Amino acid sequence: KKNTPIILLHGWPSTVWEFNKSIPLLVEQGYTVVAPSLPGHGFTDPPTVTGVSPSVMACAYHKLMIKLGYKRFIVHGGDWGAIIGSLITYMYPESVIGLHNTMNYMNFGWRQILQTLVGAVFPSLVYTSEKEKRFMHPMFKFGERMYRSFAYFHIQSVLPDSYGYGMVDSPVGLIGWIGSRFVLWSADKYGPVPEMWREGVRNFGIDNICANLAIFWVQQNALSSMRIYYEFYWNDLELLRNFSIPDVPVAISNFPNEIIHLTKFTSWTTFNNIKQYNYHDHGGHFAHIDNTEAVVGDLTSFIQKIQ
Amino acid sequence: AVVSTQSTGDSDFDEMKDRLKKRIVVPNLVEPEKSPYGTPATYVNLVADHLTDSFDFNTVKDGLCQFKHFKTVIGDINLHFIHMVGSEEKKNTPIILLHGWPSTVWEFNKSIPLLVEQGYTVVAPSLPGHGFTDPPTVTGVSPSVMACAYHKLMLKLGYKRFIVHGGDWGAIIGSLITYMYPESVIGLHNTMNYMNFGWRQILQTLVGAVFPSLVYTSEKEKRFMHPMFKFGERMYRSFAYFHIQSVLPDSYGYGMVDSPVGLIGWIGTTYAIASSPRDLTKTMMANLQDGLKNFGLDNACANISIFWAVKSAQASMRIYYEFYWNDLELLRNFSIPDVPVAISNFPNEIIHLTKFTSWTTFNNIKQYNYHDHGGHFAHIDNTEAVVGDLTSFIQKIQ
C-alpha cells in the first residue's frame, strides 16, 4: 500500500484524538498514515506570526508529505481539514491521487440557483436526503438558519481572541464553548433543544469530549485555535469563493448530523470529478468518532476504486 | 427596600486579585501588542496588573455610597435603582438615567452629583444583569419589556411625567418608553443616536456620495457612511459581536464569570474601544490605549470589579438575544412623532447620523448638539457636556 499514503486532516476545534480509532483500522489494512495537528490545536503550537491562513496550511501540509518522501498521496479531511485538503488538491493536483472529504464544500454557482428554484416546487426531484432538503427549505427561513449557524463564524473571523481569554484561564470557559461544539455538531439540530444536547453527548461520547478538552487545556491553545477563521476571512476569501477541482477524483461521505448538506448535483460546482458519494444513516460532523467504520470504509473503497 | 452597597464586594475583589495573580494568559505571538485578532494579551495583562497592584476598590464603594439605593420588584425583576430626591422647584421634571451594555450605574457617578446640586430628582436603575439588578430568571425580558418595567418604576415612585435620558441600550429602551407612553415623557435625551432606515437614509447616501459636504455636518458622520463600498466591510467588523450575542449569548460567557481575565478580555475592552476613535490604521492595542486615556483605567476597573462581584457578565449579553428574537420588528418600525427629543453627538460614539436622517425616528428634534470630545460613555469622558445638554434641553421644553 506504499503507493497510496494517506494524510488525515482534522479541523476546528478537533485534535488528532479524532482519529484514534480510525488510524488503527487503516494501519491494520497496511496503509501509511500521516496525521498532522492543525496549528493551535493539540500538539502543534499556534503560529507566532500572523497570516497563517488555510492556503498557507495547505502548502505546509503538502511540503510535509514531500519531506516524508511521499510525492503522491491521498488527502482526507473534515471541517477545516476538508477545506485545506481541497486547497492542497487545487494547488498541487499532480500530488494528489484522490481527495476524500467528510464535510462537503459550500460553494455558490448556477447549479445552486437552479436546484433551489426547481427544489422549491419539486423537492423530491432534487434532494436525495431529508437533511439536504431541510438545509435549503423552507427558503424564507434560510436567512434565519444562516444567521443562527454562522454567528460563531462571524465573530471568530473578526475578533477571534476577544472572547477567548476565559477559555485558557478557566476550564468552564473552555467547556462552555469548545466543549459544546463536539456535542452540537454530533446531534440532529432540528429537534428539541434539550434532546439535542443529550443526543450529541451520546453520539460523540463524554470521554471523547473530555479527551479533546483535556488536550486543549493542557496545551493552552483554545484561544489561538479560533484565529484560523480570521486568517481565512481576510486572506483566503476570494480564493475559497472561486476555486474548483476539475480532474482529481473526489469522494464525499454524507453523514446525517453533519453541518452542511449538499446534493451531488451542487457539489459539482466545486468538484468536477466525483467518483463516490455515499450516504450513511448515522454519524455527524466528527464521523471518525461516531461512525468510524463508515468513514474508514468509504476512504478505503475510494482508494481501491481510483488506483 | 433600601439597599446598602457597603456589603458588596470586598471578599469578591480579593478573590479576583488572587485569581489574577494566578492567571493563565498565553500571548503566543512574537509581537502581542500588534495582534490583529481582537483583544491583545498586552491589554489583558495591563488591566490585570492594575487590578492587582494599584486599583483601590474602596473608590467604587465610596463613589456609589454617596447615593441612596433601593430595590423593588416589578414583574419578574428585582430592580435596583438609585433615587435622589431633588428640590421643590425642579420636582416637575424628574429624570430617569438609563445605562446600557456592559455598563453599570457607575457610569453616572459624576453626573448624578451635578444634577442633584442643580436640584433635579434623579432615578438611575441598573439594567438586569448589569450591576445590582440580578439577571432575570425567566426568558423573554427584552428591551420593550424593560421599557415597561422602567415606566412602571417611575409611576411607582410617584412620577407621572418625567424626562428620559439614555445611552446604548438605555437610549433604545428610553426611546421605547417614549414611543409606548408618550403621555408620560416630557422629553427624551439620548447620547447614542438611533440607527433606523428609511427614504431619508437612501436620499442622503446618494446625494452624499457625490456632494458629501452638502449633507454631512461632521467628519465622523461622513466616515460612518463613506466610502460606500467599504460600508459592508465596516458593518461586518462592527456587528460581529452583536451577531454572536443575539444568537449564542451564553456560549462564550462561562469564562467571563469563572475567570477575571475572561471578563477583562471582552467586557473589559468595551469601555476602552467605545471611548476611542477606533482608527483602523492603528493596532487594536493602540486604540485601546487611546480609549483608556479617555475612559480611565480606574473607571474600567470599577465596572470590571462590579461585574466580577455580581457574576453577571454572561447574563448581561442576553439582552441582544431577547432584542433580536422579540423586538426586531418593533425596533425597525417605531418612530416618535410628538415628544421633544434631544441628541448629543460625541466624536467617539459608535453611531453617527445627521439630523436629517435622525428625523426618520424622531420627528420633533429640539436640540442636536455636537461636542469636540467624548465617546460612547460620555458621562465618563465629557460629563459637563452631557449634563449641560440634558439640563439645557429640560429648560428649553418646560
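Residue indices follow the written sequence of each chain, beginning from 1 at its first position. Whichever chain is written first becomes A and whichever ligand is written first becomes 1, with later ones labelled in order. Two thresholds apply to this predicted model, a pLDDT of at least 70 for residue-level local features and 80 or more for giving and counting side-chain atom pairs, whereas whole-chain, interface and lining totals are computed over all residues. To get the side-chain values, take all heavy atoms of the structure and skip hydrogens and water.

Draft legend 1. The arrangement of the overall build of chain B in detail. A run of H or I in DSSP counts as a helix once it spans at least four residues, and a run of E counts as a strand once it spans at least two, with each numbered from the N terminus. When its secondary structure is counted, chain B shows 20 helices and nine strands. Expected size for 398 residues packed as a compact globule is a radius of gyration near 21 Å; at 20 Å, chain B falls within 12% of this value. Structurally, chain B occupies a C-alpha span of about 55 × 55 × 35 Å along its principal axes. Relative accessible area decides the class of each residue, using a 1.4 Å probe on protein chains only: under 20% of the type maximum gives buried, over 50% gives exposed, and in between gives partly exposed. For chain B, the residues scored as buried account for 61% of the 398 residues in total. Here chain B displays about 15300 Å² of accessible surface, and carbon together with sulfur accounts for 55% of that area. For chain B, the centre of its 32 positive side-chain charges and the centre of its 36 negative side-chain charges are spaced 4 Å apart. What the globule rule says is 2.2 Å times the number of residues to the power 0.38, and the radius of gyration is computed from C-alpha atoms. Residue exposure ignores everything except the shown protein chains as possible cover, and the areas themselves are Shrake-Rupley values with a 1.4 Å probe. Working convention for charge: Lys and Arg count positive, Asp and Glu count negative, and His plus the chain ends are omitted. For charged residues, the charge sits on one atom: NZ in Lys, CZ in Arg, CG in Asp, CD in Glu.

Draft legend 2. Here's a closer look at the interface of chain B and chain A. If you look at the interface, chain B gives 46 residues, while chain A gives 42 residues. Accessible area that two parts lose when put together, with a 1.4 Å probe and added across both, is what the buried area reports. Of the roughly 3800 Å² buried at the junction of chain B and chain A (both faces included), carbon and sulfur atoms supply 64%. Three residues stand out in chain B for area buried against chain A, namely B:Tyr37, B:Tyr236 and B:Tyr252, and they jointly supply 24% of the buried area on that side. The term salt bridge refers to a side-chain nitrogen of Lys or Arg lying within 4 Å of a carboxyl oxygen of Asp or Glu. At the junction of chain B with chain A, the criterion picks out one salt bridge. For A:Asp169, the salt bridge goes to B:Arg19, with nearest N and O atoms at 3.7 Å. We call two N or O atoms a polar contact when they sit within 3.5 Å, provided that within protein one can donate a hydrogen and the other can accept it, with sequence-adjacent residues counted only if both atoms are side-chain atoms. Counting every contact that joins chain B to chain A gives 18 residue pairs in polar contact (both at pLDDT 80 or more). Its residues placed into classes, the side of chain B that touches chain A shows 28 nonpolar, twelve polar and six charged. Only heavy atoms matter for contacts: two residues are in contact if any of them lie within 4.5 Å across the pair. Residues are grouped as follows: Ala, Val, Leu, Ile, Met, Phe, Trp, Tyr, Cys and Pro are nonpolar; Asp, Glu, Lys and Arg are charged; every other residue, Gly included, is polar.

Draft legend 3. Structural detail: the pairing of strand β2 (residues 69-74) of chain B. Here, any two strands with at least 2 DSSP bridges between them count as paired. Alignment of β2(B) against strand β3 (residues 77-84) of chain B, held across six bridges, turns out to be antiparallel. Looking across to β3(B), one finds that B:Val73 is bridged to B:Asn78.

Draft legend 4. Just the confidence of the model for chain B, in detail. When the pLDDT values of chain B are averaged, the result is 94; 98% of them are 70 or greater. In the predicted assembly, ipTM is 0.93 and pTM is 0.95. For every residue, the predictor assigns a confidence score, pLDDT, that lies between 0 and 100.

Draft legend 5. Highlighting empty space enclosed by the protein. Residue and element names in this part refer to chain A. Whether a set of points on the 1 Å grid over the protein atoms alone is a cavity depends on a 1.4 Å probe fitting there but being unable to get out, while an open set qualifies as a pocket with protein on both sides within 12 Å along at least five of seven lines; lining residues are those with an atom within 4 Å of a point. Grid points are joined across faces, edges and corners, and a volume is the space filled by probe spheres set on the points. On inspection of all chains with the given rule, the structure shows six cavities of 30 Å³ or more. Counting residues per element, the ones that place at least two in the lining of the largest cavity are α13 (222-225) and α14 (227-242). Of the residues forming the lining of the largest cavity, the biggest block, three residues, is contributed by α14. Looking at the lining of the largest cavity residue by residue, the class counts come to eight nonpolar, three polar and two charged.

Draft legend 6. Local environment of helix α8 (residues 151-158) of chain A. Among the eight residues in α8(A), eight count as buried, and that is most of the element. By the burial criterion, the buried members of α8(A) are A:Ala151, A:Tyr152, A:Phe153, A:His154, A:Ile155, A:Gln156, A:Ser157 and A:Val158. Taken together, the buried residues of α8(A) touch α3 (80-91), α7 (142-149), α10 (171-184) and α14 of chain A together with α10 (231-238) and α11 (240-245) of chain B.

Draft legend 7. Representation of a nonpolar patch on the surface within the structure. Surface patches are drawn from residues lacking salt bridges whose relative accessible area is over 30%; two like charges belong together within 9 Å, two nonpolar side chains (Val, Leu, Ile, Met, Phe, Trp, Tyr) within 5 Å. On the surface, a nonpolar cluster with roughly 350 Å² of combined accessible area is contributed by A:Phe108, A:Ile113 and A:Leu117. Within the fold, A:Phe108 resides in the loop between β4 (96-101) and α4 (110-121).

Draft legend 8. Spatial organisation of the pattern of salt bridges. Summed over the entire model, instances satisfying the criterion amount to 18 salt bridges over all chains. The partner of B:Arg318 in a salt bridge is B:Asp250, with the nearest N and O atoms 2.7 Å apart. Note that B:Arg318 is positioned in helix α17 (residues 318-333) and B:Asp250 in the loop between α11 and α12 (254-258), a separation of 68 residues in sequence. Given a relative accessible area of 31%, B:Arg318 falls into the partly exposed group. The shortest N-O distance in the salt bridge between B:Asp290 and B:Lys282 comes to 2.8 Å. B:Asp290 sits in the buried class, given a relative accessible area of 18%. Judged by relative accessible area, which is 39%, B:Lys282 ranks as partly exposed. Beyond isolated ion pairs, a larger network of salt bridges with shared partners links A:Lys131, A:Arg134 and A:Asp188.

Draft legend 9. The packing of aromatic side chains, seen in detail. Here the aromatic set is Phe, Tyr and Trp, taking the six-membered ring for Trp, and pairing holds for ring centres within 6.5 Å; pairs whose planes are under 30 degrees apart are stacked, those over 60 apart are edge-to-face, and all others are tilted. Counted according to the given criterion, the structure contains 54 aromatic pairs over all chains. Consider the rings of A:Tyr277 and A:Tyr279, whose centres lie 5.8 Å apart with planes at 75 degrees: the pair is edge-to-face. Using a relative accessible area of 10% as the deciding quantity, one classes A:Tyr277 as buried. Seen from their ring centres, B:Phe13 and B:Phe57 are 4.8 Å apart, and the 10 degrees between their planes marks the pair as stacked. In this pair, B:Phe13 is assigned in helix α1 (residues 10-21) and B:Phe57 in the loop between α2 (41-53) and α3 (58-65), connecting sequence segments 44 residues apart. With a relative accessible area of 6%, B:Phe13 lands in the buried category. Distance and angle both matter: a charge sits over a ring if NZ of Lys or CZ of Arg is within 6 Å of the ring centre and within 35 degrees of the ring normal. Sitting over the face of the ring of A:Trp234, B:Arg237 holds its NZ or CZ atom 4.2 Å from the ring centroid.

Draft legend 10. Summary view of the sheet that holds β4(A). All names here are of chain A. Taken in spatial order, the six strands line up as β2-β1-β3-β4-β5-β6 in an open sheet, and their pairing is parallel. Two strands lie at the open edges of the sheet, namely β2 (33-34) and β6 (274-279), each paired on one side alone. As paired strands, strand β5 (residues 250-254) and β6 are joined by five bridges and run parallel to one another. Bridge pairing in β6 links Ala251 to Gln276. The axes used here are C-alpha line fits, helices contributing only the stretch in contact, and every angle between their N-to-C directions lies in the interval 0 to 180 degrees. Its contacts with the sheet put α3 on β1 (6-9), β3 (73-77) and β4, and the angle it makes with β4 is roughly 160 degrees.

Draft legend 11. Spotlight on the side chain of A:Arg111. Residues and elements named next belong to chain A. As for its placement among the helices and strands, Arg111 is situated in helix α4. Buried within the structure, Arg111 lacks any salt-bridge partner; Glu132 is the closest side chain of opposite charge, at an N-O distance of 13 Å. When neighbours within four sequence positions are excluded, Arg111 is seen to be in contact with Phe265, Thr266, Trp268 and Thr269.

Draft legend 12. Just unusual backbone geometry, in detail. At the junction of A:Trp12 and A:Pro13, the peptide bond is cis and its omega measures out at -10 degrees in the coordinates. Omega for the peptide link from B:Trp101 to B:Pro102 comes to -15 degrees, which places this bond in the cis form. With phi around 55 degrees, A:Asp79 is a residue other than glycine that occupies positive phi space. Here A:Asp79 shows up in the loop between β3 and α3. For A:Asp79, a relative accessible area of 7% puts it in the buried group.

Draft legend 13. Geometry of the packing of α2(B) against helix α13 (residues 260-273) of chain B. Residue and element names in this part refer to chain B. Between α2 and α13, whose axes approach to 10 Å, the crossing angle comes to 100 degrees. With respect to α13, the element α2 is oriented roughly perpendicular. On α13, the residues that touch Tyr43, Val44, Val47, Ala48 and Leu51 of α2 are Val261, Ile264, Gly265, Gly268, Thr269 and Ala272. Of the residues that constitute the contact of α2 with α13, the class distribution is eight nonpolar, three polar and no charged. Angles below 35 degrees are treated as roughly parallel, those above 145 as roughly antiparallel, those between 65 and 115 as roughly perpendicular, and all remaining angles as oblique.

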